[in-house]
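Spelled out from the first residue to the last, the chains are:
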Amino acid sequence: MSHDTYKPKTRPNATGSNPNAVSVRIEPKTMSKAQFQRRHDFRIGAQPAYVDGDLSHLNRYLMELRPLPDIQRENEALRRRAGRTRKLKSNAAVVTASIITFGCAAQNVFNRLPIKMQDRAFTELAQEIAVQLNTQLEALVVHLDETAIHAHFTLRAYTDSGEPISNATRLGDMAALQDLAAEVMQRYAPEIERGRKKKDRLQAGADYADTRHRTVKQLHEDLPLERNALEAEIADSEAKVAEQRASLEKTQRLLEKLEAKKELTEKEAKRQETYSRRLEKKQADMVAEMKALEARRSALEEAMRRVEAENEAVGMDRQKVKEEMAAVRRAKDTYKTEVSAIEAVLSEAENETLSYDPETERTTMKDPTPVRAAAPKLRKQITKLAKRFAFVEDKLFTRIFRLDAPIDRIRTFLSRPDIAQEARQEAEAIVRDAVEDGPGLG
């Protein structure tokens, strides 16, 4: 959907928050609170239950936070430069913690932007806020492991003039920050708007409690939407895995036809190696997609858990939720087992612990346990894959050994004194090229 054609389906009345809006909040933090905020922002140690640890690897750390004592010393130096001789209080702010969030419609628009563009938008807004408040940007991180995408950024708690930022915010600068947030985000997504002012909402009849930060009622409205989006992503991912599996099986059948031949022409041998590399890449792509699918299923499980906790508000049937969660867990366990089996074969092929006996046509692994734990259908496919890896490796080494004797004879012949020096050098170059380009060499 293009930015030009996007239209919100509904527009709430003037008492509600704007679903098309971006919002910025800032809050001063003492040293102890700043340390806690740092652990939360950068996912250090235990995290709240609403953080999905399986998705934390998707978070993007755009700017690391320098040591908090260094920032505190800089704050003190700025105050002294401004002529403030009184020592900082123990409960004085060290940094200002800030967050950028979106209404549900604005979030959908922002999520459609490429990742690099999202990061530029967050970085540009954080930097311009730092300039407007006459301070310095200290850290920036994008979170994707909670209910909705958002960014945390950290500012130094004192301006370049030695004034605490809390003074500036008391002078009405928060409204200007909301204006700036909308201005910056509209450079990347014109549909995103400024949030409704709290005063305007109160004058329109809103309850004060509803003008505060994201409410439980809003969570009830957002979570079913999040669940539906995740279900759509899972369906797409499952279809992609099915396509990858079909493509993998086709390549495997082509390889098996070549492997069935006793002797291969040079062209067929090269084709066999090409198919082998192609199949290995397809296998790795499939593993990556299955892991992504597992992450999405985990996110869905968490979303459904939250919906279950609030099932009276969203009208869901508790038993149905439990059954769906159990199905998700079973599917998650199955995919974990399948990924482990595939990775075991790839690892043993890489470490040369996968062997093939041409007499018995049996393939052995150092540890076949992960393969045995896989589902029967996939186990059969993985067993064929292991056999192919071992078979190809055995064939390559056989061809290498066959080349050794002729190359030794050529080298002996070249050592004869009756061969011209120029001819000997050219022949040695040909032998050298053959050794470097030979199968499995170089």
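A brief look at the structure comes next. (Residues numbered from 1 in each chain as written. Predicted model: local features only at pLDDT ≥ 70, side-chain atom pairs only at ≥ 80, totals over all residues. Heavy atoms only, no water.)

### Some details on the sheet that holds strand 1 (residues 21-29)
- Here we have six strands laid out as an open sheet, ordered 2-4-5-3-1-6, and mixed in their pairing. In the strand order of this sheet, the two ends are held by strand 2 (60-63) and strand 6 (193-194), each with one partner.
- When strand 3 (residues 95-102) meets strand 5 (residues 150-156), the two strands line up antiparallel, connected through six bridges. For Thr 96, the partnering residue across the bridge sits in strand 5 and is Leu 155.
- Against the sheet, helix 4 (residues 115-132) touches strand 1, strand 2, strand 3, strand 4 (137-143) and strand 5, its axis set at about 145 degrees to strand 4. (Pairing = 2+ DSSP bridges. Helix = DSSP H or I, 4+ residues; strand = E, 2+ residues; numbered from the N terminus. Contact = heavy atoms within 4.5 Å. Axes fitted to C-alpha atoms, helices over the stretch in contact; angles between N-to-C directions.)

### A short note on the environment of Pro 370
- Note that Pro 370 resides in helix 11 (residues 369-372).
- Distance in space between the C-alpha atoms of Pro 370 and Ala 344 is 6.7 Å, their sequence separation being 26 residues.
- If we skip the residues at most four places from it in the chain, Pro 370 touches Ser 340, Ala 341 and Ala 344.

### Side note on the packing of helix 1 (residues 31-41) against helix 2 (residues 68-81)
- Where helix 1 contacts helix 2, the two axes come as close as 11 Å, and the packing angle between them is 140 degrees. The angle between helix 1 and helix 2 places the two elements in the oblique class. As for how helix 1 packs across helix 2, the hand of that crossing is right-handed. Listed contacts from helix 2 to Met 31, Ala 34 and Gln 35 of helix 1 are Leu 68, Pro 69 and Gln 72. (Parallel < 35°, antiparallel > 145°, perpendicular 65-115°, else oblique. Left-handed = near helix turned anticlockwise from the far one by under 90°.)

### Topic: helix 1
- Among all positions of helix 1, only Met 31, Ala 34, Gln 37, His 40 and Asp 41 are buried.
- Where helix 1 is buried, its residues touch strand 1, strand 2, helix 2, strand 3, strand 4 and strand 5.
- Downstream of helix 1 by one or two residues, Arg 43 has phi in the positive range, about 55 degrees. (Buried < 20%, exposed > 50% of the residue type's maximum accessible area, 1.4 Å probe, protein only.)

### Digging into the side chain of Glu 268
- Mapped onto the fold, Glu 268 is located in helix 8 (residues 266-309).
- Among the residues examined, Glu 268 registers a relative accessible area of 12% and is labelled buried.
- A distance of 2.4 Å separates a polar atom in the side chain of Glu 268 from a polar atom in the side chain of Lys 261.
- Among the polar contacts made by the side chain of Glu 268, one reaches the main-chain amide nitrogen of Thr 265 at a distance of 3.0 Å.
- Filtering out sequence-adjacent residues up to four positions away, Glu 268 remains in contact with Leu 258, Lys 261 and Glu 263. (Polar contact = N/O pair within 3.5 Å; in protein donor to acceptor, adjacent residues only side chain to side chain.)

### Points about unusual backbone geometry
- Even without a glycine there, the phi angle at Arg 43 is positive, about 55 degrees.
- Mapped onto the secondary structure, Arg 43 falls in the loop between helix 1 and strand 2.
- The phi dihedral of Asn 134 is positive, around 60 degrees, even though this residue is not glycine.
- Counting through the fold element by element, Asn 134 comes out in the loop between helix 4 and strand 4.

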